[in-house]
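A look at the structure
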Amino acid sequence: CLYVGVIIDVLIAMFLSVFFGAGIAARLAVISDNTYRAKNRQELNPSLSGADEIAELDQQFHGLISALKESEAIRSEFLSMTSHDLKTPLMSVELSVELVKRQLGSAVPTAVEEELQSAKENMHRVLILINDLLDIERGASGKLKLELEDHNVKTLIEKSSRSVKPLAERKNVKIETSIESNSEDLEMLADRRRIEQVLVNLIANAVKFSPGGSSVYVRCTLLEEKIEIRVIDSGPGIPESDRIRVFERFEQSVAPQQGQDRGSGLGLAICKTIVLAHDGDIGVDPNPSGGSEFWFRISAVQ
């Protein structure tokens with residue numbers, strides 16, 4: 001009887017262990033799933049019931065995410081309001097500078113004309129920065145408006161490359177485009193201005209960080225039903241640890257060289273916002289020969 005009792009106790013203990021272990025595992029799986037959902041900006045699972053430590057942890061996690069969402073909403077609204085309040089007077093001042101130049105005409109001394117031109121260019125750069133910030137916020141909230149039409153990919157690449165050509169010539173860098181034979185007549189449903197913005201940004205960055213006498217390659221290929229465009233440079237490259245965060249706002253891909261414009265750190269963030277708004281993908285790979293390969297993929301028109 002003693003042995004039977006021991007065996008029964010052991011079996012009961014094993015059953016309870018499995019039962020409670022499965023329950024704890026299931027509750028921990030909910031918390032794990034919530035972390036994934038929070039990362040991907042999805043709605044969280046309902047709060048776990050009960051008064052145990054796992055339920056308390058889950059409730060605290062819900063509270064933290066709620067506070068973060070509220071903070072992000074306040075920040076977004078503040079940034080939008082501030083950007084708008086800055087944008088209006090800057091545009092007015094820029095217009096005033098242009099009117100002064102026109103009114104004075106040839107009577108403007110060279111030194112004064114240079115200062116006026118410099119002031120106009122600086123204000124224009126600030127306006128571009130403000131527009132970039134607003135676009136990133138619109139993209140994050142799903143409010144970035146796109147004017148979608150069918151566009152020939154080869155034409156988009158060639159036009160964007162021509163826009164960067166003066167910068168490339170100053171740096172003695174050659175831009176070489178390569179369109180695979182099966183991609184010659186490819187079209188994508190896209191916002192032309194926005195995609196050109198992405199291309200110009202990526203090509204200009206590649207030229208900026210490439211040494212003189214080198215080449216930047218822009219290659220287009222068809223991968224299944226997606227168009228992939230790669231911009232390949234022979235610059236210093238990007239460490240593996242930085243390849244994900246390089247597309248976040250205010251991040252620099254690499255440290256600028258002496259005498260080089262540091263930039264706002266918004267260019268790649270804007271590229272990411274635009275590509276994601278087209279339901280596309282964007283990333284960067286190391287160039288086996290040295291440098292980086294920035295790429296993005298958008299669905300081809302069927």
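Read on for a plain summary of the structure. Since this is a predicted model, take the numbers as computed values, not measurements.

Conventions and cut-offs
- Residues numbered from 1 in each chain as written.
- Predicted model: local features only at pLDDT ≥ 70, side-chain atom pairs only at ≥ 80, totals over all residues.
- Heavy atoms only, no water.
- Core = buried A, V, L, I, M, F, W, Y, C linked by side-chain atoms within 4.5 Å.
- Buried < 20%, exposed > 50% of the residue type's maximum accessible area, 1.4 Å probe, protein only.
- Helix = DSSP H or I, 4+ residues; strand = E, 2+ residues; numbered from the N terminus.
- Axes fitted to C-alpha atoms, helices over the stretch in contact; angles between N-to-C directions.
- Parallel < 35°, antiparallel > 145°, perpendicular 65-115°, else oblique.
- Left-handed = near helix turned anticlockwise from the far one by under 90°.
- Contact = heavy atoms within 4.5 Å.
- Nonpolar A, V, L, I, M, F, W, Y, C, P; charged D, E, K, R; others polar.
- Phe/Tyr/Trp six-rings, centres within 6.5 Å; stacked < 30°, edge-to-face > 60°.
- Lys NZ or Arg CZ within 6 Å of the ring centre and 35° of its normal.
- Salt bridge = Lys/Arg side-chain N within 4 Å of Asp/Glu carboxyl O.
- Patch = residues over 30% accessible without salt bridge, like charges linked within 9 Å, V, L, I, M, F, W, Y side chains within 5 Å.
- Areas by Shrake-Rupley, 256 points an atom, 1.4 Å probe, with all protein chains shown as cover.
- Lys, Arg positive; Asp, Glu negative; His and termini not counted.
- Charge placed at Lys NZ, Arg CZ, Asp CG, Glu CD.
- Pairing = 2+ DSSP bridges.
- Expected span 1.5 Å × (residues − 1).
- Polar contact = N/O pair within 3.5 Å; in protein donor to acceptor, adjacent residues only side chain to side chain.

Next up on the list: the nonpolar core. With 44 residues, the main nonpolar core has M188, I229 and F296 as its most contacted residues. Broken down by element, this core gets its largest block of residues, eight residues, from helix α5 (residues 192-209). L90, M123, L127 and L134 belong to the second-largest nonpolar core, a separate cluster that totals seven residues.

All right, on to the packing of helix α4 (residues 153-171) against α5 then. Running from N to C, α4 and α5 point in directions that differ by 30 degrees, and their axes come no closer than 9 Å. On the basis of their axis angle, the class for α4 and α5 is roughly parallel. As α4 runs across α5, the sense of the crossing is right-handed. The residues of α5 that touch α4, namely those facing L156, I157, K159, S160, S161, S163, V164, L167, A168 and K171, are R192, I195, E196, L199, V200, I203, A204, V207, K208 and F209. A class-by-class count of the residues in the contact of α4 with α5 yields 12 nonpolar, three polar and five charged.

Moving on, we get to the packing of aromatic side chains. Considering all chains together, one arrives at one aromatic pair under this definition. Seen from the ring of Y217, R219 lies directly overhead, with NZ or CZ sitting 5.2 Å from the centre. Seen from the ring of W295, R297 lies directly overhead, with NZ or CZ sitting 3.9 Å from the centre.

A side chain of one charge can pair with a side chain of the opposite charge if their charged atoms are brought near each other. For the structure on display, the rule yields seven salt bridges. Here E228 makes a salt bridge to R230, at a shortest N to O gap of 2.9 Å. Taking the relative accessible area as the measure of exposure, E228 reaches 7% and is therefore buried. By relative accessible area, which is 15% here, R230 ends up buried. Close ionic contact of R230 with D285 constitutes a salt bridge, the shortest N to O distance being 3.0 Å. Of this pair, R230 sits in strand β5 (residues 226-232) while D285 sits in strand β6 (residues 281-286), and the two are 55 residues apart along the sequence. Three or more residues are tied together by salt bridges with common partners; here these are E228, R230, D285, E293 and R297.

A separate point is a negative patch on the surface. Residues E147, E149, D150, D185 and E187 make up a contiguous surface patch of negative charge. Mapped onto the elements of the fold, E147 is located in the loop between α3 (110-140) and β1 (148-152). Of the residues examined, E147 reaches a relative accessible area of 65% and is grouped as exposed.

Regular strands have side chains that alternate between both faces of the sheet. The buried fraction of β5 is high, at six of seven residues. Sheet topology places strand β4 (residues 215-223) next to β5; seven bridges connect them, and they run antiparallel. The partner of Y217 across the bridge, within β5, is I232. A loop of two residues connects β4 with β5, the two strands running antiparallel in sequence, and E224 in this loop sits at a positive phi of about 55 degrees. Pairing analysis gives seven bridges linking β5 to strand β7 (residues 292-299), with the strands arranged antiparallel. Bridge pairing in β7 places R230 opposite W295.

Tracing the backbone shows T273 in helix α6 (residues 267-277). Since its relative accessible area comes to 13%, T273 is described here as buried. What T273 contacts, discounting residues up to four positions off in sequence, is D135, I136, G139 and L144.

Looking now at the pairing of β4. The sheet contact formed by strand β2 (residues 174-179) and β4 spans six bridges and is parallel. Within β4, the position partnered with T177 by the bridge is V218.

This paragraph deals with the packing of α5 against α6. Direction vectors running N to C along α5 and α6 enclose 145 degrees, while the axes themselves pass 9 Å from each other. Both α5 and α6 take part in a crossing whose hand is left-handed. Counted together, R194, Q197, V198, N201, L202 and N205 of α5 and G267, L268, I270, C271, I274 and V275 of α6 form the full contact between these two elements. Of the residues contributing to the contact of α5 with α6, the split by class is seven nonpolar, four polar and one charged.

Before going further, it helps to spend a moment on α5. Compared with an ideal rise of 1.5 Å per residue, which puts 18 residues at 26 Å, α5 spans 26 Å between its outermost C-alpha atoms and is within 8% of the ideal. One side-chain oxygen of the residue at the start of α5 lies 3.2 Å from the amide nitrogen of R193, identifying that residue as D191.

Taken in spatial order, the five strands of this open sheet run β2-β4-β5-β7-β6, and their pairing is mixed. A strand with exactly one partner marks an edge of an open sheet, and here the two such strands are β2 and β6. Each strand of the sheet is rotated relative to its neighbour by a mean of 15 degrees, with strand direction disregarded. Packed onto the sheet, α4 meets β2, β4 and β5 and runs at close to 175 degrees relative to β2. Against the sheet, α5 contacts β2, β4, β5 and β7, and its axis sits at roughly 170 degrees relative to β7.

Remember, this is a structural readout, not a statement about activity or role.
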